[in-house]
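Residues per chain, in single letters:
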Amino acid sequence: MNDDLAFLIGDVSRLMRRRFDERARQVGATRQQWRVLLKLARHEGATQGTLAELLEVEPITLCRMVDRLADAGLVERRRDPADRRAWNIFLTERAHPMLDRLRGVADDLFGEVLGGIDAAALAAMKDTLGQLHTNLQAASPKEKAHG
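Residues numbered from 1 in each chain as written. Predicted model: local features only at pLDDT ≥ 70, side-chain atom pairs only at ≥ 80, totals over all residues. Heavy atoms only, no water.

**Brief notes about helix α5 (residues 95–113)**
In plain terms, the rule: Every helix listed is a DSSP run of H or I at least four residues long, and every strand listed is a run of E at least two residues long, numbered separately from the N terminus. Under the convention used throughout, the expected extent of a helix is 1.5 Å for every residue step, that is, one less than its residue count. Each residue's exposure class comes from its accessible area (1.4 Å probe, protein chains only) as a fraction of the maximum for that residue type: buried when under 20%, exposed when over 50%, partly exposed otherwise. Throughout, the arc means the angular range of directions from the helix axis out to the C-beta atoms. When checking whether two residues touch, look at their non-hydrogen atoms; a contact exists if any pair is within 4.5 Å.
The terminal C-alpha atoms of α5 lie 27 Å apart, and with 19 residues this matches the ideal 27 Å at 1.5 Å per residue to within 8%. The complete set of buried residues in α5 reads Ala95, Met98, Leu99, Leu102, Val105, Ala106 and Leu109. Viewed along the axis of α5, the buried residues span an arc of 120°, placing them on a single side of the element. Turned more than 90 degrees from where α5 packs its buried face, Asp107 and Asp108 sit exposed. Against α1 (2–26), α2 (31–42) and β2 (83–91) lie the buried residues of α5.

**Quick look at the UniProt feature "domain: HTH marR-type" (unreviewed entry) in the chain**
Applicable threshold: UniProt positions are given in the numbering used here, feature names are shortened, and annotations may be inferred rather than shown by experiment.
Under the local residue numbering, the UniProt record ascribes the feature "domain: HTH marR-type" (unreviewed entry) to residues 2–134. Span residues 2–134 is 70% helix and 11% strand, its end C-alpha atoms 18 Å apart.

**Quick notes on α1**
Residues that lie three or four places apart on an α-helix share one face, since the helix turns once every 3.6 residues. Between the first and last C-alpha of α1 there are 37 Å, a value that for 25 residues agrees with the 36 Å anticipated at 1.5 Å per step. Within α1 the residues assigned to the buried category are Phe20, Asp21 and Ala24. Next to the buried residues of α1 lie α2 and α5. Looking one or two residues past α1, Gly28 carries a phi angle of roughly 85°, positive in sign.

**Some remarks on the nonpolar core**
Test applied: As used in this record, nonpolar core signifies buried Ala, Val, Leu, Ile, Met, Phe, Trp, Tyr and Cys residues forming a set joined through side-chain atoms within 4.5 Å.
Among the nonpolar cores identified, the biggest contains 27 residues, and Phe20, Leu37, Leu62 and Val75 are the most heavily contacted of them. At the level of elements, α1, α2, α3 (48–55), α4 (59–71), β2 and α5 are the ones that each hand at least two residues to this core. Top element by residues in this core is α5. It accounts for seven residues. In this structure, Leu37 is in contact with Leu69, Leu74, Val75, Leu91, Ala95, Met98 and Leu99, ignoring residues within four places of it in sequence.

**Here's the deal with the layout of surface pockets**
To keep things clear, this is the line we draw: Note on definitions: the grid is 1 Å and covers protein atoms alone; a cavity is a set of points where a 1.4 Å probe fits but cannot get out; a pocket is an open set with protein on both sides within 12 Å along at least five of seven lines; lining residues have an atom within 4 Å of a point. Grid points are joined across faces, edges and corners, and a volume is the space filled by probe spheres set on the points.
There is about 1400 Å³ of room inside the largest pocket. Lining the largest pocket are 31 residues; nearest its centre among them are Ile9, Ser13, Met16, Phe110 and Leu129. Those elements that provide at least two residues to the lining of the largest pocket are α1, α2, α5 and α6 (119–137). For the lining of the largest pocket, the element with the most residues is α6, which contributes nine residues.

**Regarding the packing of α3 against α4**
The following threshold applies: Think of each axis as a best-fit line through the C-alpha atoms, taken over the contacting stretch in the case of a helix, with angles from 0 to 180 degrees between the N-to-C directions. Note on angle classes: values under 35 degrees are labelled roughly parallel, values over 145 roughly antiparallel, values of 65 to 115 roughly perpendicular, and the remainder oblique. Note that Gly is not counted as nonpolar here; it falls among the polar residues with everything else outside the nonpolar set of Ala, Val, Leu, Ile, Met, Phe, Trp, Tyr, Cys and Pro and the charged set of Asp, Glu, Lys and Arg.
α4 packs onto α3 with a crossing angle of 105° between their chain directions and a minimal axis gap of 9 Å. Between α3 and α4, the crossing angle belongs to the class labelled roughly perpendicular. From α3, Gln48, Leu51, Ala52 and Leu55 reach across to α4, where they touch Pro59, Leu62, Cys63 and Val66. Per-class residue counts for the contact of α3 with α4 are seven nonpolar, one polar and no charged.

The structure is reproduced here in structure tokens:
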């Protein structure tokens, strides 16, 4: 049963990513770009290092993503006034309509994915997934032994 559940969770996640990627390409973006823009909208002015940590990607990977977003006119780098070596990343005015379109893509996709599931089942699923997330975020026994 646990194997079936693990594979089902993984398959649902993979299929949702694939469907989102297909739709996001139609508005001129990728899912990864959306993740960066969305995280940046919540943490406007974050340094590249902080943004990389928030996205759980390597700094060099984020640097390439920010380069592409800057080339597209969606973000801009500004020198950090407190640290001349650091760059703060900001959304441009052009990014906001793109974020709105990508939110619409996500909303439409979730509407389809969650179609036919009643409110009580959705609430239970959200609670269950929240508990799974909490359990996974907890320190592993190995981390606790070294803490």
